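Read off the chains here:
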Amino acid sequence: DQQVKQNSPSLSVQEGRISILNCDYTNSMFDYFLWYKKYPAEGPTFLISISSIKDKNEDGRFTVFLNKSAKHLSLHIVPSQPGDSAVYFCAASRGWNTDKLIFGTGTRLQVFP
Amino acid sequence: TAGITQAPTSQILAAGRSMTLRCTQDMRHNAMYWYRQDLGLGLRLIHYSNTAGTTGKGEVPDGYSVSRANTDDFPLTLASAVPSQTSVYFCASSPNLSPNNEQFFGPGTRLTVL
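## Some points on the overall build of chain A
Logical step 1: In terms of helices and strands, chain A carries zero helices and 11 strands.
Logical step 2: Counting from the amino terminus, helix and strand elements in chain A follow one another as β-β-β-β-β-β-β-β-β-β-β.
Logical step 3: At 13 Å, chain A has a C-alpha radius of gyration in line with the 13 Å of a compact globule built from 113 residues.
Logical step 4: Counting only residues that meet the buried cut, chain A has 46% of its 113 residues in that class.
Logical step 5: Put simply, 55% of the contacts in chain A that link residues at least 6 apart link residues at least 24 apart.

In structure tokens form, the structure reads like this:
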């Protein structure tokens, strides 16, 4: 049973446009969410996070939105750049500073010129 | 700073053989983790360790064992490999009080069991 779902395995966006990556979760006890970015042949790297007390967190070109009632979060990248081409994983946990991160299946983003 | 290193980078292993995947971190993080990444399944936690001397089972622990003799090292052992253990394995670590609750990942080990 996949508790964290990324239903779009891939996304293709033109450079300069907005990329929107979606993530849904089923466990209402999750209250901390993270996005990781992964390039080929490298480990995932942390991108941005949000706690359930917020509905938006912004860091430069990256913004994460959280809709707790819908159990849905999204990552917006504006403007998209070719270097953003990677696989993006969302992850969720119960509580901050916990050892249990549940990852989604990932979305491969391709940004083309 | 090296961060997290994993060895080997890749390995082809005959079924039934044993193997230990090595993971070392130099950040003095208390917690360490082993994940496997499979297409369509994302990253799944195999085992974890909150601090030296302790370990715990993750989501998919069967067929794997770990030890945590010190803070820096967290080896993952496959006692008798099977083809379903073909995967990319990532080691990760996290400090006790990470402001973002983030984990730091190594570059991965690609394992093929034939």
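## Some remarks on the state of the cysteines
Logical step 1: Taken as a whole and judged by the stated rule, the model has two disulfides over all chains.
Logical step 2: In this model A:Cys23 forms its disulfide with A:Cys90; the gap between the sulfur atoms is 1.9 Å. Note on the A:Cys23 and A:Cys90 pair: the S-S dihedral is about 65 degrees, so by sign convention the disulfide is right-handed. Of this pair, A:Cys23 sits in strand β3 (residues 19-25) while A:Cys90 sits in strand β9 (residues 86-93); the two residues are 67 residues apart in sequence, bridging distant segments of the chain.
Logical step 3: Given the relative accessible area of 1%, A:Cys90 is considered buried.
Logical step 4: Put simply, B:Cys23 and B:Cys91 are joined by a disulfide, and their sulfur atoms are 1.9 Å apart. Because the torsion about its S-S bond is -70 degrees, the bridge between B:Cys23 and B:Cys91 counts as left-handed. Here B:Cys23 is found in strand β3 (residues 19-25), whereas its partner B:Cys91 is found in strand β9 (residues 87-94), with 68 residues between them in sequence.

## Quick word on the pairing of strand β4 (residues 31-38) of chain B
All names here are of chain B.
Logical step 1: Counting buried residues in β4 gives seven out of eight residues, a clear majority hidden from the surface.
Logical step 2: Here β4 runs beside β9; their pairing, made up of seven bridges, is antiparallel. Paired with Tyr35 across the strands is Phe90, a residue of β9.
Logical step 3: In this sheet, strand β5 (residues 42-49) lies alongside β4 in antiparallel orientation, the contact comprising seven bridges. Paired with Tyr33 across the strands is Tyr48, a residue of β5.
Logical step 4: Counting the residues that bridge the hairpin from β4 to β5 gives three residues, and of these Gly40 lies at a positive phi of roughly 80 degrees.

## Side note on unusual backbone geometry
Logical step 1: Residue A:Pro79 follows A:Val78 across a cis peptide bond; omega there is -10 degrees.
Logical step 2: With respect to the helices, strands and loops of the structure, A:Pro79 is situated in the loop between β8 (72-77) and β9.
Logical step 3: Here B:Ala7 and B:Pro8 are connected by a cis peptide whose omega angle stands at -5 degrees.
Logical step 4: Relative to the elements of secondary structure, B:Pro8 occurs in the loop between β1 (4-7) and β2 (10-13).
Logical step 5: Although it is not a glycine, A:Ala41 adopts a positive phi angle of roughly 65 degrees.
Logical step 6: Mapping A:Ala41 onto the fold places it in the loop between β4 (32-38) and β5 (45-51).

Calculation criteria
- Residues numbered from 1 in each chain as written.
- Chains lettered and ligands numbered in written order.
- Predicted model: local features only at pLDDT ≥ 70, side-chain atom pairs only at ≥ 80, totals over all residues.
- Heavy atoms only, no water.
- Helix = DSSP H or I, 4+ residues; strand = E, 2+ residues; numbered from the N terminus.
- Rg over C-alpha atoms; globule rule 2.2 N^0.38 Å.
- Buried < 20%, exposed > 50% of the residue type's maximum accessible area, 1.4 Å probe, protein only.
- Contact = heavy atoms within 4.5 Å.
- Disulfide = S-S within 2.5 Å.
- Pairing = 2+ DSSP bridges.

Just geometry here; none of it tells us what the structure is for.
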